[in-house]
Each structure stands twice: as structure tokens, then as C-alpha cells.
Amino acid sequence: METIAYRNALQGTTSRFHFHHVLVGLLMCLALAVSLFFFSGESLRLDESQSLWQSSHSVSRILDIVGQDVHVPLYHLILHFWQLMVGGGVAGARFLSLLFFLAGIPLMYALGMRAFEHRAAALFATALFALSPFMNWYGNEIRMYSMLTFLALLSHFLFLGIYREGGGFGRWAGYAAVSIVGVFTHYFFWLVIAAQFVFYLAVRRAFPAGSGKNLAGVFGLLALAFLPWLLYLRNLNQLAASSQPLLPVPTSIDVWNAFSQFIIGFQNDWLNALVVSLWPLVVLVSFLTLRRHSTVPREAGYFLAMLLLPALALFTASVLLKPIYVSRYLIFTAPALYLLVGWVLTLYPRFVSFFGKAGLIAAMAAGLYLQVTNADMQMRENYRAAAEYMSAGTAPSDIVILSAPFTVYPVEYYYKGPADIRTLPEWDRSLRGDIPPFNEDSLPEDVARLTEGHRRAWLLLSYDQGYEDEIRNYFDTRYHMLDRKRFSEGLDLYVYQLRYGEAWAEHELTALRR
Amino acid sequence: MNRRAPTKEYRELDERFSGTVYASKPLILASALLTLLYFFVLAFWFKIENAYLFTLLMFGQAFFLWQGLNYLHTIWNMEYRAPSDPSFAPAVDIFITVAGEPIDIVEKTVRAALAMDYPDFMVYILNDGYVARKENWKDMEELAKKYAPRVSCLTRTVPGGAKAGNINHALSKTARPFFVIFDADHVPSPDFLKKTMGHFKDPRMGFVQTPQYYVNYAKNEVTRGAWEQQEIYYGAICKGRNRMGTVTMCGTNMAIRREAIMDVGGMCDFNIAEDFITGMFIHERGWKSAYVPEVLAEGLAPEDFLSYYNQQLRWARGSLEVFFKWNPLFRRGLSLRQKFLYLSASGYYLSGLVVIVNALLPLIFFFTGEVPFAVSTMALATVFMPYLFLMIYTLQQSTNYAYTFRALAFSMGSFIIHLQALVDLLVGKKSSFAITSKTRLSGSFLNLAIPHLIYVGIVAAGVTVAYLRTGMTPSLMTNTAWALINIAVFAPFIAAAVQEEMEEERRVRSLSVSVERRRANFAYK
């Protein structure tokens, strides 16, 4: 096998510093600039507001809250202490995610080099990673996804290091540590480990001697480290939480959408459908890989497993057990896609490779541009605008009703109006347990209780959990609608007159006219 | 070893043919499973939108299923080698078939044949130059005299049977119990006989075939395309068929037991794929066959597009004749496995129909809006992609990563040749045996790619029509993507023709003279 040094010599570069490193640095600067100029102005989204709310409590309370949620607590704990250091604002919290994203860029390059020993492939994959609208989106979101991706990259780097060069104590210890940190960052980090295990089983003879025992040791350590959390959840009686948005059972379209989002980000349905419909071109991509002596390195198999197995596992679980297929849960597989694409393009004739790369970069750049400029983009949740609108228009005699109930987090963050905020179904976050389920039979009673004594209801509907139409129909058929407004895709406000007999206050009329 | 210079290319070639190439059995099984799954999902799961288009599509898919499963079955074990006794060295006649090839090419082959390391053999130049009305037919007799007495020239004066007739004529003039056939341009290595004759220790061994290697494969796009198509055949397919006792006779670089060929009445001279059908007849009579996966002779690939076209047309016509006139399924004497293998081999050239069907489906959508299925295109992708990827990977692994896009493109781009062969056969057009030219022919060959260029034009018009009718829709995008794939696959075929055209223009300009456009005419009776 050719050594890296030999390959470097072939490529005419033996020095430690290379122009490619400058390019990697420039990609980091680009990602930072995109964040500052485009993403910093985004409204807080539901998930982000949950993170802020959850991490704003004490450590023990964070464990308690996150335990009732569908996540593991490490990110929230880190965010908690991070906010103690940098302050509790949105920008500071988002910067934590950005740091993981930025740190992932050079790591991506190092991983590409380690896997394929090919600078052009590594650099191109890194460019895809840095330019990806999907990565940029979650690299600027107050959630654990950029941290999860960073840890997955680190895990790949260490695992492939063990596979290719053997693992000393340091490398195995690092791999074990990253694995433990990973599974406490997101439950689906277990899928990274599972895919690595499948890879090990498939090519175990190619691993250095003793790797099996060491791997078993890491798994044992991992199980020991995770067991206390499972016991804690058992004590909370929260092994299956339901305070999260209801997800639909995925179809084949969702599977492909995840991959298309990895490339072009979040676009409107029309554009996304058009892009995904070009899937037969993947057939051409595969035909073009048919090149003499273009063997498939095991590392490509590794990344293929890392790309497909988690998606397959999530899809199967979603169909058979409970819907959990969301593209962001698979974010840790996106680098595998970029690396595979980077490698595949090196197999092509130079001319085809150049146009393939240029086309892909152009598609990503266009996707990024559309994603940050399109106000109707599906992932954009403009709770800030909705809350500001209500803050300016509501009176003390009004009531703000939110459905789905968990959308209280972002609205509450921005809302400064005089009217009370309630949810439908009614939910008290201070109480342990799930969000109460919607009951159509008790809807009249629930609405009567919420609206009692109020003149107007500001009904803000988003994150349809399957009962949004029932609620809206109920209000539409009983009350006079005064106003309606859409703030972003799926975020709609309806203002209803609950009772008459009192003169409109001037400021109320002004607000309604506005 | 002195038979070949130890260049990198040769090392790779040796490794590819002689080395242990294996496709993992779980991979083959998974690939077969997904192939079946894909077919049955398509056939029974999706809702049919247009029954006619559905039938057309399923015809193509059934062809792929048949050929795909047959390939997977073939490559299941490629390591079998027929027993051989190196000490077995019977007397052999060496036949070098000639029909007007340049004298220097023939002499090279004669000299190499004489240099073979073997105790008892005689070289015959089977000269058909006279009956083919070639000017240099007398040169062959002079050549034989030059190397006499170990070389003799057998010149035919009565035409008939083309190459097979030439061989049969030679068989009537010679008597050794075994003979070897080399085309005029196929230069044998010194150990050819040592590597092949040992297999005849088995008294039921009818013939031994070796690969047909093109030494000039890197010369241009046509030679590359021709060779890369051959490589999968002489690699994975022949090795697999060796295991099943159904090696296909390929007409050159082969050793034959005289008794076996006489048992079937000599070389078959009523089919232009005389080698293929003769091999089948020999198998019918219960004779065995063996394949030696080593490059033991070096030939020349067609260097120009017209020669390639004619070669493919001859092979396609001959094979399709076997399929329709001597269908292996109904031949007595063949084992069931042999029947299916011969059926698959002879039916391969029906692929022209399948390619044209697949190419037409997007066009039909563009102009009419009709599609075979009423199904989410992503659902189709979900069953199609795993099947395709796994099949491609299996193909690559089983060929030791030798199969190329160019080989695929030449195979698919040749659809027009296959269709022409089919139509000629169905209308009963008389076929003639056209020897593949051993030198580069000049002329304009762009006309051979006109159907492909017309397709590009129709796609452009179709996309416009569909866009004006429906606007930018996912269905339009998907069908455009399929059409683009067809165009991309036709591109190397078109490029090879265009390259010929451009090179010809350059030659004309550089000579500054009017060059009479010549067409090859090696047809002889």
C-alpha cells in the first residue's frame, strides 16, 4: 500500500503546509461570514427556544427536563455553562453551535485525507461541508446538531486511524471518550457506533490484531457510562417521552428529501421536488464511475455504511415502531455523503470531474443563497415577527392561544404584550409529564375556559399536530374573525372577536388596521 | 518468460485474466435478490398508468432480469480450471486464416507460430485471397515458400462458406489429430500449445479456447471501446462458463480435436457466426470444452469505426440467427444448463430492442404525457438504486475492476447495429462474411451515428414541447434526466464516429489532394 508520504511525493508536496490548508481556512472564514451576515438575524425557532429554556435551569433541573424530552443532556449542560460565560442571548448561544461547525471544517479535511489520501477529494468534500446550506443552517441553530456532527467526524477520524494505522492507547482512549461524549450528545450517535461495528464485522481481518478486544472494551465502557442515564430515565418513568412534535410516518420521498437537503438545503416544495426528480442522474453518476482499475477502497464502503445504515435504521423504526425520521437526526451522515461524492469525482476523467465539481458547488451555493433569502422557506419559523405583532396589538382583556402547546417556548421568548398566553390543549410546563392530548369532545369546554372573560382571542397556530383544522374550524364557526396573518410557512395568526358591547379602544383599532 | 515484454499493461492483463478474480458470494446473492425484488416490485406493486408502455418497459426489464441473473449465475465460481496434462503433446496443425490481410501482419503471425515451443506441429496459411479476389493472394504462397518446409500454403480456388469453408478446405488437406486456428493478425505466444494441448488428454475434450486480446487497444477510442467490451467476456464470463462446460468457441486462438469437428460435419458454414454455432454443435454431441484464461495470442482490434461496426453487425447477426433459427432451448444433446447459457449468449444482441425501448419512453412522455406507472418517482428510485448500485459493484468486482463506462457506452450505443442485424434477419436479408479489417480504413463514419444524433435532436424538441404543455414539473425533470442518461451513454459512440470524421478531414487537408473515399469491402463468398 502506498504511504501517505509517497502519495504526497507523487503529488509534489512534501511540506507540512500546503495551499490547501489556506483554502480550508478560507472556507472557515466563508462559513463565519455567512453566519454573521445571514443567519444571525434569524428568528428564534421552536427547537432553539426549547434549548434556551431547558438550559436556563439548574443542572439537576436540566437533567430532569431533558430526561422528559427525547434527548440526552450533554449539549444542554454545555449550553448552560456556556451561557453563564458569554451571557444568555440568542447570538451567544448560536455561536456555540457555530464553533462546532467551524471546527468541523478542518476536521473534515483531515478525515478526507486520512480516508482517501487524496487532497483534491478531501478538499472538495470539505468545500461541500462548508458550503452546505444544511450544515450552515444547523451550524447556526441552538441545538446539538453541529456538535453531533463534529463528534461524528472525530469518531470517524479516530476509528479510521485505528483501522489504517493501528491504535495505540491514546487513539483507543480518544475513540472511547468521543463515543461516550457522542452518545450523551444525541441518542443517534449510537447509530455511528453501530455502523462502525458493522464495518468492523465486514472487514475485521483488515484491522490490526487485537482490535476486536479493544473494540469490545470500548463498547463495555460505553455501556457502563450510559447505564446511569438509563436508570435515571427509568426513575423518571420517561423512557418514551411524548412532549415533542408529532412526526408523520415517512415515505420514500422523505428518504430522498433528506439526501437532497444535504446538498441543496431547505427549499420550497416545488423546487425541492424538481431537484429530487432528477434522481436518475445518479444512475449516470454511477455509470461514470466505471473506470479501469477504479477499485472501491474500504473507506468508501465505510462511508457508504455510515450514510445508508442510519437512514435505513431510522426509516425502518419509523415505519415499524414510531415515526422518528427527520433529516436533522441524520445530520451526522451528511459528511459521509460529501466524502463519497468527493471520492467518486476523483474517479472521473478530468474534464467530467471538473464539471461535476463545478456543478455541485454551484448547486450548493445557489441552495444556500435561496435558503437564506427565501422568506417562505419551510424551516423558517418567524415567531419573532408573530410575537412582536401580538405584543403591539393585544390588550389586557385579550387572550393569546397557542397551538401546538410546545410553541409557547419561542413565542414566550419574544412576546412582550399585556395579554395572557395560554395553550390549547392546556399545558403547564412546570408539571412533570407529557403534554395533554387533544380531545375534540372537550374542545368547547376547553375553549370556553380559556376565553372566559376575554374580548378577543389571538389564535397562533403552528406545528400542526393533527388537530389544527379542528381548532380553527371551531373558532371560525363560532366567532367573528377580525384579522389573519401568515408570518412564515405554517405559522398563522387568527384574531377573533369573542364578545361585543364595549367600544374599541383607539390603540386596538390602530393595531388591527396595521 | 520471454513471450511478452513485461510492461505494466501486460502485468495488469496477466493479473486480470490469470489471477484469481472472485466475486463474493454474499454479494452475488444480494445482487440477485435485489434484481428479483426490483423486477417484481415493478411488475406487481406499482399502479399501471398506460398498459402499452408498461408492457414495453417490462419487456426491457425482463431482458435485464434474464441477462442479469444469467451473469450472476455465471460468475458464481470463476476459479474452475479443467484438468490438464502438460506432458500430453500430440501432433498439431496450425491454421492461419488469411483473406487479403497485409503480408507483414501475416508474416508476423507465421513467425510467431513457428517459434512456438512444441515438439510436433505444422503451420498452414489458409489462403482465401484468391476467392476473395485480393491482389496479394500470391504473396501468401511466396511467404509459405520462404518458411518451407514447416509452413505450407493452402490456397482455395473454389469459394464458399467464407472462413468456415476455408477451414473445412484445410481439414480436407491435412491429417493431424488436432488443429489450432489463428486469425491472420493473432500472434501466438511461444507457450500457446503447451498451455492448451494438455487438456486434450481427456479423450472427450472437443476444443480449448483462449482469450482474444487486442494488442492495439490503446490506439484510439474505437480500439479501446472494442477491447473493453471484450475484456468482460474473456474475463468473468468465459471463466464462469468454463465451470459449466459451456465455453463459447470464438473462432481464433483455439485448439480443436479433429474428431470432434468431423463429428459435427466440419465448421458450420451456413452461419456468419460460424465459431459460435460450431461450438454449440460440438457440445450437442457431448464433447467437452475448456477455457485457458491466459493471454496466449495477441490480435488487433478494429481501428476504425466502420470495421468495428461491421464486426459487431456480423456477431449480432450470427448470434441472432442462432437464437431464432437454431434456438438452443430446442437443441437435443445440450444439457439444460448449456441450453440456457447458449440461449442467453445468443439472445444478448436483443439488447438493441431494449435500449431503443428505454430511449423511447422519455420521448413518449415528452410528446404525449403518457407514462407506464402512476407512482411516485421516488418510490421507483428507492427500489431501483440499490439494485443498480449493487449490480454495478458486483460487475466491477467480478471483472477485477476492468469494466468501463466506455464499454457500457459502446454496448448500448451499438443498439442500432443490433437492431439492423435483427431487422436483416427478420426480413431475410442475405448476410455476408465481412472480415474485420486489420488496418485502419479511411472514410466518413459520422453517418453511422446519425440515429444517435437524431435522438439528441428529438429529445431537445420533446423537452420543449413538454415544457410548453405542462411547465416545469417533476415528471418532466425525471424524464429529461432519463433522456440525458441515454444521450450521455451514446456520447462516446458519437464521439468515436466524430473523431473518425475529424481525423479524416485532417488527413484530407494535409494531403491537399482529393481523396477518394474508400469503403472497406472484405466481403467474400
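Owing to the predicted nature of the structure, the values given are computational and were not obtained by experimental measurement.

Procedures and definitions
- Position labels on residues start from 1 in each chain and follow its written sequence.
- Chain labels run from A onward and ligand labels from 1 onward, assigned in the order the entries are written.
- Given that the model is predicted, a residue must reach a pLDDT of at least 70 before its local features are reported, and side-chain atom pairs must reach 80 or more before they are shown or counted; all residues, however, enter totals for whole chains, interfaces and linings.
- Counting from the N terminus, the helices are DSSP H or I runs at least four residues long and the strands are E runs at least two residues long.
- C-alpha atoms define the radius of gyration in this analysis, and the globule rule sets the expected value at 2.2 Å times the number of residues to the power 0.38.
- Exposed residues have 12 or fewer other C-beta atoms within 10 Å of their own C-beta, buried residues have 20 or more, and residues in between are partly exposed; the C-beta atoms are placed from the backbone.
- We call two residues in contact when their backbone-placed C-beta atoms lie within 7 Å.
- The classification used treats Ala, Val, Leu, Ile, Met, Phe, Trp, Tyr, Cys and Pro as nonpolar, Asp, Glu, Lys and Arg as charged, and all other residues, Gly among them, as polar.
- The source of the domain bounds is an automatic or database domain assignment.
- A pair of strands is treated as paired once DSSP finds two or more bridges between them.
- The span expected for a helix works out to 1.5 Å for each residue beyond the first.
- Axis definition: a line fitted to C-alpha atoms, limited for helices to the stretch in contact. Angles are taken between N-to-C directions and run from 0 to 180 degrees.
- Each nonpolar core comprises buried Ala, Val, Leu, Ile, Met, Phe, Trp, Tyr and Cys residues, the members being joined through C-beta atoms within 7 Å.
- By the definition adopted for this analysis, an angle is roughly parallel if under 35 degrees, roughly antiparallel if over 145, roughly perpendicular if from 65 to 115, and oblique otherwise.
- Crossings are sorted by hand: turned counterclockwise from the far helix by less than a right angle, the near helix makes the crossing left-handed, and turned clockwise it makes it right-handed.
- Whether a crossover is right-handed depends on one test, that the path from the first strand over the helix to the second runs clockwise when the strands point away from the viewer.
- pLDDT: the predictor's confidence for each residue, scored from 0 to 100.

Asker: Honestly, the overall build of chain A in this entry has me stumped. Any pointers?
Answerer: Each helix and strand counted, chain A has 23 helices and five strands in total. The C-alpha atoms of chain A give a radius of gyration of 25 Å, which matches the 24 Å a tight globule of 514 residues would have. Each principal axis of the C-alpha atoms in chain A carries an extent, and together these give about 85 × 50 × 45 Å. Residues counted as buried form 43% of the 514 residues belonging to chain A. Look at the contacts in chain A between residues 6 or more apart in sequence, and 74% of them connect residues 24 or more apart.

Asker: Would you mind going over the overall build of chain B with me for this structure?
Answerer: Helices and strands together make up the secondary structure of chain B, namely 18 helices and 10 strands. Excluding contacts between residues fewer than 6 apart, the proportion of contacts in chain B whose partners are at least 24 apart in sequence is 86%.

Asker: For this particular structure, what's the right way to read the interface of chain B and chain A?
Answerer: Size of an interface: often given as the accessible area lost when the parts come together. Listed as interface residues are 28 residues of chain B and, on the opposing side, 25 residues of chain A. The dominant element in the side of chain B that touches chain A, judged by the number of residues it contributes, is helix α14 (residues 377-398) of chain B, at 11 residues. Looking at side-chain class alone, the side of chain B that touches chain A contains 22 nonpolar, six polar and no charged residues.

Asker: Help me understand the domain arrangement of chain B, please; the structure alone is not making it clear to me.
Answerer: All names here are of chain B. The assigned domain composition of chain B is domain 1 (24-74 + 349-511) and domain 2 (92-301). Look at where the C-alpha atoms of domain 1 and domain 2 centre, and you get two points 34 Å apart. Opposite the 20 residues of domain 1 that make contact, domain 2 presents 23 residues. Looking at the side of domain 1 that touches domain 2, the elements that each hand over two or more residues are α15 (405-413) and α18 (474-511). Of the residues contributing to the side of domain 1 that touches domain 2, the split by class is nine nonpolar, nine polar and two charged.

Asker: How should I be thinking about the sheet that holds strand β5 (residues 187-188) of chain B in this particular structure?
Answerer: Through backbone hydrogen bonds, the strands of a sheet pair up, either in parallel or in antiparallel fashion. All names here are of chain B. If you trace the three strands from one edge of the open sheet to the other, you get β5-β10-β7, paired in mixed fashion. Both outer strands of the open sheet, β5 and β7 (213-214), are each paired with one neighbouring strand and no more. Looking at chain direction, β5 and strand β10 (residues 297-299) are connected through two bridges and run antiparallel. Residue pairing across strands places Val 187 opposite Glu 298, the latter belonging to β10.

Asker: Would you mind going over helix α16 (residues 415-426) of chain B with me for this structure?
Answerer: An α-helical turn contains 3.6 residues, so a residue and the one three or four places further along point in the same direction. All names here are of chain B. Between its first and last C-alpha, α16 extends 16 Å over 12 residues, near the 16 Å set by a 1.5 Å rise per residue. All of the buried residues in α16 are Phe 415, Ile 416, Ile 417, His 418 and Ala 421. Contacts made by the buried residues of α16 are with α11 (305-325), α13 (351-368), α15 and α17 (450-470). One or two steps after α16, the chain reaches Gly 428, where phi turns positive at roughly 75 degrees.

Asker: Even after reading the chapter, I still don't get the sheet that holds strand β6 (residues 205-209) of chain B, so can you show me in this structure?
Answerer: All names here are of chain B. Overall, mixed pairing links the seven strands, which are arranged β3-β2-β1-β4-β8-β6-β9 in an open sheet. Two strands close off the open sheet at either side, each with one partner strand: β3 (151-155) and β9 (288-291). Direction aside, the axes of adjacent strands within the sheet are offset by 20 degrees on average. With four bridges connecting them, strand β4 (residues 178-183) and strand β8 (residues 254-257) associate as antiparallel partners. Bridge pairing in β8 places Phe 178 opposite Arg 257. Helix α6 (residues 162-173) rests against β1 (92-98), β2 (121-127), β3 and β4 of the sheet, and its axis sits at about 145 degrees to β1.

Asker: Before we go on, may I ask you to explain the nonpolar core in this structure?
Answerer: Nonpolar side chains in soluble globular proteins generally cluster together in the buried interior. Of all hydrophobic cores here, the largest spans 158 residues; its most connected members are B:Ile94, B:Phe95, B:Ile96 and B:Ile125. For this core, the element with the highest residue contribution is α18(B), accounting for 11 residues. Every residue in contact with B:Ile96, bar those within four places of it in the chain, is listed here: B:Val106, B:Thr109, B:Val110, B:Ala113, B:Val123, B:Tyr124, B:Ile125, B:Leu126, B:Phe182 and B:Ala184. Residues A:Ala31, A:Val72, A:Leu111 and A:Leu148 belong to the second largest nonpolar core, which totals 102 residues.

Asker: I'm lost on the packing of helix α5 (residues 74-86) of chain A against helix α6 (residues 90-116) of chain A in this one. Help?
Answerer: Each pair of packed helices gets described by two things: the angle between the helix axes and the distance between those axes. Residue and element names in this part refer to chain A. Between α5 and α6, whose axes approach to 10 Å, the crossing angle comes to 125 degrees. Relative to α6, α5 is oriented oblique. Crossing angle aside, the handedness with which α5 passes α6 is right-handed. Every residue of α6 that contacts α5 at Leu 79, Trp 82, Gln 83 and Val 86 is listed here: Gly 92, Ala 93 and Leu 96.

Asker: Got a minute to help me understand unusual backbone geometry in this structure?
Answerer: Generally, phi is negative for residues other than glycine and the peptide bonds are trans, each holding for most cases. The amide bond that connects A:Ser403 to the next residue, A:Ala404, takes the cis arrangement and shows omega of 10 degrees. Of note, the bond from B:Ala148 into B:Pro149 is cis; its omega dihedral lies within 30 degrees of zero at 10 degrees. Inspection of the secondary structure assignment puts B:Pro149 in the loop between α5 (137-146) and β3. Positive phi values are uncommon outside glycine, yet A:Tyr463 reaches one of about 50 degrees. Looking at the secondary structure, you find A:Tyr463 in the loop between β3 (456-461) and α22 (468-478). Of the residues examined, A:Tyr463 has 17 C-beta atoms within 10 Å and is grouped as partly exposed. Here the phi dihedral of B:Asn253 falls at roughly 60 degrees; this positive angle occurs in a residue that is not glycine. Relative to the elements of secondary structure, B:Asn253 occurs in the loop between α8 (221-243) and β8.

Asker: Could you clarify how one ought to interpret the pairing of strand β2 (residues 420-423) of chain A in this entry?
Answerer: Successive residues of a regular strand alternate their side chains across the two faces of the sheet. All names here are of chain A. Relative to β2, strand β1 (residues 399-403) runs parallel, the two being bridged by four bridges. Residue pairing in the sheet places Ile 401 in a bridge with Arg 422 of β2. Where the polypeptide runs from β1 across helix α20 (residues 408-414) and back to β2, its parallel neighbour, the crossover connection is right-handed.

Asker: Is there a simple way to think about the environment of A:Tyr467 in this case?
Answerer: One can find A:Tyr467 in the loop between β3 and α22. Sequence-wise, A:Tyr467 and A:Phe438 are 29 residues apart; in three dimensions their C-alpha atoms are separated by 7.2 Å.

Asker: Hey, could you run me through α6(A) in this one?
Answerer: Helix length check: α6(A), at 27 residues, gives a terminal C-alpha distance of 39 Å against a target of 39 Å (1.5 Å per residue), a fit within 8%. Positive phi appears at A:Glu117, one or two residues downstream of α6(A), with a value of about 50 degrees.

Asker: Mind showing me how you'd approach the confidence of the model for chain A here?
Answerer: Low pLDDT marks stretches whose predicted atomic positions should not be read closely. Residues and elements named next belong to chain A. Confidence in the prediction of chain A, expressed as mean pLDDT, is 88, and 91% of residues score 70 or more. Across chain A, the element-wise mean pLDDT spans from 46 in helix α1 (residues 4-10) up to 96 in helix α9 (residues 145-165). Note on residues 1-14: pLDDT is under 50 here. Beyond four places in sequence and across chains, it has eight contacts.

Asker: What am I meant to see in the pairing of β1(B) here?
Answerer: Residue and element names in this part refer to chain B. By the criterion of burial, β1 is predominantly enclosed, with seven of the seven residues buried. Residues Val 92, Ile 94, Ile 96 and Val 98 line one face of β1 and the alternating positions Asp 93, Phe 95 and Thr 97 line the opposite face, and both faces are buried. As paired strands, β1 and β4 are joined by six bridges and run parallel to one another. The partner of Asp 93 across the bridge, within β4, is Phe 179.

Asker: Please explain the packing of α6(A) against helix α7 (residues 119-131) of chain A as it appears in this structure.
Answerer: All names here are of chain A. Contact pair α6 / α7: the axes reach a minimum separation of 8 Å and the direction vectors enclose 150 degrees. Compared by their axis directions, α6 and α7 come out roughly antiparallel. As α6 packs across α7, the resulting crossing turns out to be right-handed. Mapping the contact onto sequence places Gly 104, Ile 105, Met 108, Tyr 109, Gly 112, Met 113 and Phe 116 in α6 and Arg 119, Ala 121, Ala 122, Leu 123, Ala 125, Thr 126, Phe 129 and Ala 130 in α7. Across the contact of α6 with α7, the residue classes break down as 11 nonpolar, three polar and one charged.

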